[in-house]
Structure formats: structure tokens, C-alpha cells
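Results of the structural survey
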Amino acid sequence: MYSKAGANWDSVCKINIGQYQSPIDWPNSKDLTLNETLKLNLAYNDMENVQVMNNGNTLMLTSDKMGGIEFEFEGKMLKYKGVQFHFHYPSEHAFEKAKYPIELHIVHALESGAPEDYQYQNAVIAVYFDDSKDTENKFIKELDLEELGNTTINLKQFMDQFDMNNFYHYKGSLTTPPCTECVNWLSLNTVQDISKAQVKMMRDHWEKYTKYPNARECCPINGRTIYKSCQEGMKIQVKDFLLTNLTNKGLILRHTANQQ
């Protein structure tokens, strides 16, 4: 599926591929549109009896008691219910062409706050993980990726550490077929540490099923407005991003200067 990083998906996404595709290469923070009326509130729960599934492209963790979020935008208070979360290696979104080793997506479905025909029926929170400090991540450690069965995850504790006043937003699509343009993307700007061993563990797990990284190539912004919720922008500056070049032979990694 990812042999060409999604460049060959036209046949399966032909009905849905338009001008608002995801992921994107985030512009520099100074070039984003400031919108201080954006509000994001979290209401996650401790996830019990979580089902961990491997669909061959990613690890997907589901629970009917995830909780959810409230997102205020364009005069609407949109309430979304958490549905599942999963990971991508490397990150799907880039920052001026540079990528982190891991990106977490928390997927939500609209519950209230907009009419039934509202286009953006899903919201996805993106969280990025950086291995430059080689520091073990407690949340990743507690995920039992080797035992694909029922488990318990404290998603609430993990997410409560984030600054909800500092995030990016744009309108986009699912990053896997059918690539439907139905997503309010919310990118959290507190990057998480992760160890190199944990990155390798996640990569090795995916390589049992596919030899390719499970990240779609970045798509054109096509004139979309990209918002930031505050002037601060990215909360930390990482000196060594992984610049990822996807080829039919796999990953070529090199270092690039950090975002200023």
C-alpha cells in the first residue's frame, strides 16, 4: 500500500481526491494565520478493554469509552467523540520538509455542534515524537504492542500534559484511502520525547507486515488558510529533524537544520 507513499492511490481515491488533501508540510509559524478565537478542550477517559488491531498498515487502538474533545471554530462549538488512535512512521506531516520519527493520530467522529451535512465529520489530533534526546516515553512504554488483545491505557493522563492554547489547525482529509476531505486537523505543538529503541520497536513491528514506512507523502496546501491558536507557535525547537525521502527501496534519512 505504501510502496510509493500514496502517490499511486489515484485509482482508490479518485472520487475523493480534491484540493484539501492531507498530510501537509507545515509552513513556518510566522507564515500561519493567527486566530486566537480557536479553542480546544479535552475530555478523555481512562481507556479500559482497549482492542489493539493491526490492519497491516498501522496499529489501531479502539475503545468505546475514549471520551473526546470540543473544538470551537467559525462560531461553532463542535463536539467530537474519540474513536481510535494509531501511529505513523515516520511522521506524515512535515515541518518545512523535515519529519519526526513518529506521529500519533487520535481520530474523532462528530457528535454535535453542526448540521448532519457538515463536511468535516472527523477531527484528528496529531502528536509528534522526537528521538534526538533518546529519552524513553512512558506512554509508549505502557502500550503493549506485542500483545494484540485487550489492554488498559491512560490516555487522559498522557493528553492532560499538553498546552491546549498552542496548536495549529487546517481543513484536510483522511491520509489513507478513501482520502475523504472530512477532517478538522489539530496539531499539538508540544513535541514528545521518545527513545531510539522505542522507535525501532515500533518500526520493527510494522515491518512484520510491510517493508515500507506507513506515511503518505505531503500534499499541496492549494491556498488553504493554516491557523495557529497563539503567537508562540511550536513550543520547542528540535535541532535534528529526520528528513525523510521515501523511495521504492525504503527510507533514506539525513539531518537538516531546525525550524526557526
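Located above this text is the structure these notes cover.
Residues numbered from 1 in each chain as written. Predicted model: local features only at pLDDT ≥ 70, side-chain atom pairs only at ≥ 80, totals over all residues. Heavy atoms only, no water.

1. What about the overall build of the chain?
Here is the rule we go by: In this description a helix means any DSSP run of H or I spanning at least four residues, a strand means any run of E spanning at least two, and both kinds are numbered starting from the N terminus. Partly exposed describes any residue whose relative accessible area lies between the buried limit of under 20% and the exposed limit of over 50%, with all areas from a 1.4 Å probe on protein chains only and scaled to the type maximum. For this analysis, residues touch if any pair of their heavy atoms sits within 4.5 Å. Computed with a 1.4 Å probe, the accessible areas rest on the Shrake-Rupley method; for each residue, only the protein chains presented here act as cover.
Across its full length, the chain holds 4 helices and 17 strands. Expressed as a percentage of the 260 residues in the chain, the buried residues total 52%. A fraction of 73% describes how many contacts in the chain between residues 6 or more apart in sequence connect residues 24 or more apart. When the accessible surface of the chain is split by element, carbon and sulfur atoms take 46% of a total near 12,000 Å².

2. Section: the environment of lysine 65
By secondary structure assignment, the location of lysine 65 is in the loop between strand E5 (59-62) and strand E6 (67-73). Accessibility expressed as a relative area gives 55% for lysine 65, which makes it exposed. The spatial distance from the C-alpha of lysine 65 to the C-alpha of tyrosine 44 is 8.5 Å, given a sequence separation of 21 residues. Apart from residues lying up to four places away in sequence, lysine 65 is in contact with Asn45 and Asp46.

3. Some words on the pattern of salt bridges
The cut-off we apply is this: In what follows, salt bridge is the name for a side-chain nitrogen of Lys or Arg lying within 4 Å of a carboxyl oxygen of Asp or Glu.
Applying the stated criterion across every chain yields a total of 7 salt bridges. Notably, a salt bridge pairs glutamate 74 with lysine 171, separated by 3.2 Å at the nearest N-O pair. Linking glutamate 74 in the loop between E6 and strand E7 (76-88) with lysine 171 in strand E12 (residues 167-172), this pair joins segments that are 97 residues apart in sequence. A salt bridge links lysine 196 to aspartate 131; its shortest N-O distance comes to 3.9 Å. Here aspartate 131 lies in the loop between strand E10 (122-130) and helix H2 (138-142) and lysine 196 lies in helix H4 (residues 196-207), a separation of 65 residues in the sequence. Relative accessible area serves as the criterion here: at 44%, lysine 196 is assigned to the partly exposed category. Through salt bridges with shared partners, a single network forms among Lys200, Arg203 and Asp204.

4. Some thoughts on unusual backbone geometry
Residue proline 90 is reached from tyrosine 89 by a cis peptide bond, and omega for that bond is -10°. Here the bond from proline 177 into proline 178 is cis, since omega is 20°, no more than 30 degrees from zero. Relative to the helices and strands, proline 178 resides in the loop between E12 and strand E13 (183-188). For glutamate 96, which is not a glycine, the phi torsion comes out positive at approximately 55°. Position of glutamate 96 among the secondary structure elements: in the loop between strand E8 (94-95) and strand E9 (102-112). Even without glycine at this site, asparagine 222 takes up a positive phi of about 55°.

5. Some thoughts on the nonpolar core
Burial of nonpolar side chains together is a common tendency in soluble globular proteins. Convention followed: The set of buried Ala, Val, Leu, Ile, Met, Phe, Trp, Tyr and Cys residues whose side-chain atoms join them within 4.5 Å is what this entry labels a nonpolar core.
The biggest cluster of nonpolar side chains holds 44 residues, and the ones touching the most others in it are Phe85, Phe87, Ile125 and Phe139. If you look at the next biggest cluster of nonpolar residues, it comprises 16 residues, including Ala126, Tyr168, Trp185 and Ile226.

Shape is all these values report; function is a separate question.
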